[in-house]
Amino acid sequence: TRLADVGVMNAEAGNYDAAITSFRQALFLQPKNFKVLEMLAQVYLETDQLLLALQAAEAAVQENERWKEGLQTLARCQREVGEVHLAQESFEKALRLDPESDELREELLETQALVSELEEKKKRQMAELQLASTESEQEVHRCVYHL
């Protein structure tokens, strides 16, 4: 649509507020346009509006779950909000759709490293919990483990 094209031009020029406005207007006319939803998610990511980015990316994938770009943007959003396990799953789905993509493979590897790091931290917290001698120390380690 013309509104989506204007949104793309604004986003490319760094006019993110105008891009958001254009994409939202385009979605008012075509609320299930997964490509516009995904572009809106990218702009929200660019402006650190992470929850809005995640919502838009989830909506895009809901409309077309076999679209690599939508899954990739969803994975990026999930990773940015700290949902690294979900991000890994989304990158894996995207890579299954485009197994030749070096960009996806690289992002998946980076995300897998974050998942490993998180798992390692959880193991250390669990080990410290086992060594904690007082109830308050144990509670602190339980809280940190569940962060």
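This structure is a prediction, so every number in the text was calculated from the model and none was measured. Numbers given to residues run from 1 along each chain, matching the order in which its sequence is written. It should be noted that, the model being predicted, local features are given only for residues of pLDDT at least 70 and side-chain atom pairs only at 80 or more, the latter also being counted only at that level, while totals for whole chains, interfaces and linings use all residues. To get the side-chain values, all heavy atoms of the structure are used, and hydrogens and water are removed first.

## Thoughts on the overall build of the chain
Stated formally: By definition, any uninterrupted DSSP run of H or I lasting at least four residues is a helix, any uninterrupted run of E lasting at least two residues is a strand, and each is numbered from the N terminus. Every radius of gyration here is taken over C-alpha atoms, with the globule rule written as 2.2 Å times N^0.38, N being the number of residues. Any residue under 20% of the maximum accessible area for its type is buried, any over 50% is exposed, and the rest in between are partly exposed; the area is computed with a 1.4 Å probe on protein chains only. The contact rule is simple, with two residues in contact once any of their heavy atoms fall within 4.5 Å. To measure how exposed things are, a 1.4 Å probe is used in the Shrake-Rupley method; for residues, cover is taken only from the protein chains shown. Within this scheme the basic residues Lys and Arg register as positive and the acidic residues Asp and Glu register as negative, but His and the chain ends are omitted. Every charge is mapped onto a representative atom, which is NZ of Lys, CZ of Arg, CG of Asp or CD of Glu.
Each helix and strand in the chain was counted, giving eight helices and zero strands. Reading the chain from its N end, one meets helices and strands in the order α-α-α-α-α-α-α-α. The C-alpha radius of gyration computed for the chain amounts to 19 Å, which surpasses the reference 15 Å derived for 147 residues by more than 25%, pointing to a less compact arrangement than a globule. Dimensions of the chain, computed from the C-alpha atoms along their principal axes, are close to 65 × 35 × 25 Å. Residues classed as buried in the chain amount to 35% of the 147 residues present. For the chain, long-range pairs separated by at least 24 residues make up 40% of all intrachain contacts whose partners lie at least 6 apart in sequence. As displayed, the chain has an accessible area near 9,200 Å², and 51% of this comes from carbon and sulfur atoms. Once the 16 positive and 28 negative side-chain charges of the chain are each reduced to a mean point, those two points are 4 Å apart.

## Things to note about the confidence of the model for the chain
Convention followed: Note: pLDDT gives the predictor's confidence per residue, expressed from 0 to 100.
When pLDDT is averaged across the chain, the result is 91; 91% of the residues are at 70 or more. Confidence, expressed as mean pLDDT per element, reaches its minimum in the chain at helix α8 (residues 135-145) with 67 and its maximum at helix α4 (residues 50-63) with 98.

## A short note on the packing of aromatic side chains
A ring pair, where both rings are aromatic, is described by two values, the distance of the centres and the angle of the planes. Put simply, the test is: Only centres within 6.5 Å qualify two rings of Phe, Tyr or Trp (six-membered ring in Trp) as a pair; their planes then separate them into stacked at under 30 degrees, edge-to-face at over 60, and tilted for everything else.
Taken as a whole, this structure holds one aromatic pair when the rule is applied. Considering the side-chain rings of Phe 34 and Trp 67, the 5.0 Å spacing of their centres and the 70° angle between planes classify their relative orientation as edge-to-face. Of this pair, Phe 34 sits in helix α3 (residues 34-46) while Trp 67 sits in the loop between α4 and α5 (68-80); the two residues are 33 residues apart in sequence, bridging distant segments of the chain. Given the relative accessible area of 22%, Phe 34 is considered partly exposed.

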